[in-house]
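So you can see what is in the structure, the chains are spelled out below.
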Amino acid sequence: MGFSIAVAGKGGTGKTSLCGLTIRYLTENKRGAVLAVDADANSNLNEVLGVKVHATVGALRETSLAAVKSTAPRPGGMSMEQLFDYQIQQAIIEAKGFDLLVMGRPEGAGCYCAANNIIRKYMDKLADTYRYTVMDNEAGLEHLSRRTTQDTDLLLIISDPTVRGVMTGGRIGELVKELDLNVKRTVLIVNRALNGNSEDKTLLKVIEQQGVEFAGFVPSDELIFEYDLSGRPLVQLPRDSKALTRFYAMLDTLIA
Ligand SMILES: Nc1ncnc2c1ncn2[C@@H]1O[C@H](COP(=O)(O)OP(=O)(O)O)[C@@H](O)[C@H]1O
Ligand SMILES: [Mg+2]
């Protein structure tokens, strides 16, 4: 069984950025294959990673759905299961040091529940063949209630350095418990922290009250801002960038 990492939090808190840095961390510091999954319909993890997307699972869903409904013989006499296996394999993008799977948007309207469920099953099966899986999720709580975050070893709840942001993080932590998702460890990370945040008694108190293990602060880093502005992949940040240094130290304690 592989080790799976997922993120949750409001939009703009840094989920995608920290996912990207986690993937880089794993390729640099750990042995074993790494699968990056972009499960945000407005996917942009590939930009952070500097990878071009030429296939998404969403684009395959339409054909999968047609195949589920069709009674016609499948190509090469494949079973439904084999067809899905094949299709998911087709959507894997091989990058330097890791593979990337982009969920993307389903094409067209209609209910994709059947296809989605089958895809999920195959996703799990696929994830099992990797030592590490890192899943970037959309903002909000939907992915939690849709249970796409089920069976996660480490859930990183990302917050901005505000009282309200941290409380939102706390609510996400509560929901994870309520939904009885199989998440082994949930931690709160306060990202884009400013000088003084880590000594701010009010903020620290609110963090403490959330009932979620606090992993620490990741500083706001002007280099990240610059890279973003010029469209440079974040994974190319210099090794001594302050956000990267701090986040790597955090991951040292979180990932075996
Ligand atoms: N530690 C940081 N310091 C400075 N800017 C950051 C930091 N983390 C993220 N950002 C910036 O914040 C914005 C939102 O980040 P992103 O990772 O896309 O958030 P999310 O995926 O949660 O919506 C991006 O412009 C990103 O470059
Ligand atoms: Mg994002």
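Treat the numbers as computed from the prediction; the structure is a model and nothing was measured. (Residues numbered from 1 in each chain as written. Chains lettered and ligands numbered in written order. Predicted model: local features only at pLDDT ≥ 70, side-chain atom pairs only at ≥ 80, totals over all residues. Heavy atoms only, no water.)

A.B. asks: Tell me about the nonpolar core, and name the residues and values.
C.D. replies: Counting residues in hydrophobic clusters, the biggest one holds 40 residues, and the most contacted among them are Leu49, Leu100, Leu156, Ile189, Phe247, Leu254 and Ile255. The greatest single-element share of this core, amounting to seven residues, is contributed by helix α10 (residues 242-254). Setting aside anything within four residues of it in sequence, one finds Leu49 in contact with Gly20, Ile23, Ala36, Phe98, Leu100, Pro233 and Val235. (Core = buried A, V, L, I, M, F, W, Y, C linked by side-chain atoms within 4.5 Å. Buried < 20%, exposed > 50% of the residue type's maximum accessible area, 1.4 Å probe, protein only. Helix = DSSP H or I, 4+ residues; strand = E, 2+ residues; numbered from the N terminus. Contact = heavy atoms within 4.5 Å.)

A.B. asks: Tell me what's going on with helix α7 (residues 163-178), and back it up with residues and numbers.
C.D. replies: Here α7 spans 23 Å end to end across 16 residues, near enough to the 22 Å set by a 1.5 Å rise per residue. Positioned one or two residues after α7, Asp180 has a phi angle of 55°, which is positive. (Expected span 1.5 Å × (residues − 1).)

A.B. asks: An account of the site of ligand 1 is needed here, citing residue identities and associated values.
C.D. replies: Taken together, 15 residues form the shell around ligand 1, and within it Gly12, Lys15, Thr16, Ser17 and Asp228 come nearest. Alone, ligand 1 offers 560 Å² of accessible surface; in the complex the protein occludes 83% of this. Elements supplying a minimum of two residues to the shell around ligand 1: α1 (15-29), β7 (183-193) and α9 (222-230). Sort the elements by how many residues they give to the shell around ligand 1 and α1 lands first, with three residues. A breakdown of the residues in the shell around ligand 1 according to their chemical character gives two nonpolar, eight polar and five charged. (Near = heavy atom within 4 Å. Areas by Shrake-Rupley, 256 points an atom, 1.4 Å probe, with all protein chains shown as cover. Nonpolar A, V, L, I, M, F, W, Y, C, P; charged D, E, K, R; others polar.)

A.B. asks: Which residues make up the packing of aromatic side chains, and what are the values?
C.D. replies: Under the criterion given, the structure shown has three aromatic pairs. Ring geometry for Phe3 versus Tyr132: centroids 6.2 Å apart, planes at 70°, classification edge-to-face. Pair noted here: Phe3 is in strand β1 (residues 3-9) and Tyr132 is in strand β5 (residues 132-136), with a separation of 129 residues, a long-range link. Plain terms: the ring middles of Phe214 and Phe217 are 5.2 Å apart, the flat faces sit at 80° to each other, and that makes the pair edge-to-face. Judged by its relative accessible area of 29%, Phe214 is partly exposed. The class for Phe217 is buried, based on a relative accessible area of 13%. It is Arg131 that lies over the ring of Tyr132; its NZ or CZ is 4.7 Å from the centre. (Phe/Tyr/Trp six-rings, centres within 6.5 Å; stacked < 30°, edge-to-face > 60°. Lys NZ or Arg CZ within 6 Å of the ring centre and 35° of its normal.)

A.B. asks: Describe in detail the pattern of salt bridges, supporting the description with residues and values.
C.D. replies: Oppositely charged side chains are able to pair whenever their charged atoms sit close together. Summed over all chains, the structure comprises five salt bridges. A salt bridge links Glu28 to Arg24; the nearest nitrogen and oxygen atoms lie 2.7 Å apart. Residue Glu28 and its partner Arg24 are both found in helix α1; the two are separated by four residues, about one turn of the helix. With a closest N to O distance of 3.7 Å, Glu222 and Lys242 form a salt bridge. Of this pair, Glu222 sits in helix α9 while Lys242 sits in helix α10, and the two are 20 residues apart along the sequence. (Salt bridge = Lys/Arg side-chain N within 4 Å of Asp/Glu carboxyl O.)

A.B. asks: Help me get a handle on the side chain of Asp160, residues and values and all.
C.D. replies: Looking at the element boundaries, Asp160 is found in the loop between β6 (152-159) and α7. Among the polar contacts made by the side chain of Asp160, one reaches the side chain of Lys10 at a distance of 3.5 Å. One polar contact links Asp160 to Thr162, side chain to side chain, over a distance of 2.8 Å. Excluding anything up to four places from it in sequence, Asp160 contacts Lys10, Thr13, Gly165, Val166, Val190 and Asn191. (Polar contact = N/O pair within 3.5 Å; in protein donor to acceptor, adjacent residues only side chain to side chain.)

A.B. asks: Quick one: what's the story with the pairing of strand β8 (residues 213-219), residue by residue and with numbers?
C.D. replies: The sheet contact formed by β7 and β8 spans five bridges and is parallel. Across the sheet, the residue bridging to Ile189 is Gly216, located in β8. For the crossover from β7 across helix α8 (residues 201-208) to β8, the handedness is right-handed. (Pairing = 2+ DSSP bridges. Right-handed = clockwise from strand over helix to strand, strands pointing away.)

A.B. asks: Give a detailed account of unusual backbone geometry, specifying residues and quantitative values.
C.D. replies: Even without being a glycine, Asp180 presents a positive backbone phi close to 55°. Tracing the chain through its elements places Asp180 in the loop between α7 and β7. Asp180 gets classed as exposed once you look at its relative accessible area, which sits at 62%. At Arg192, a position not held by glycine, the phi torsion is positive, near 60°. Mapped onto the fold, Arg192 is located in strand β7. Exposure remark for Arg192: the relative accessible area of 46% places this residue in the partly exposed category.

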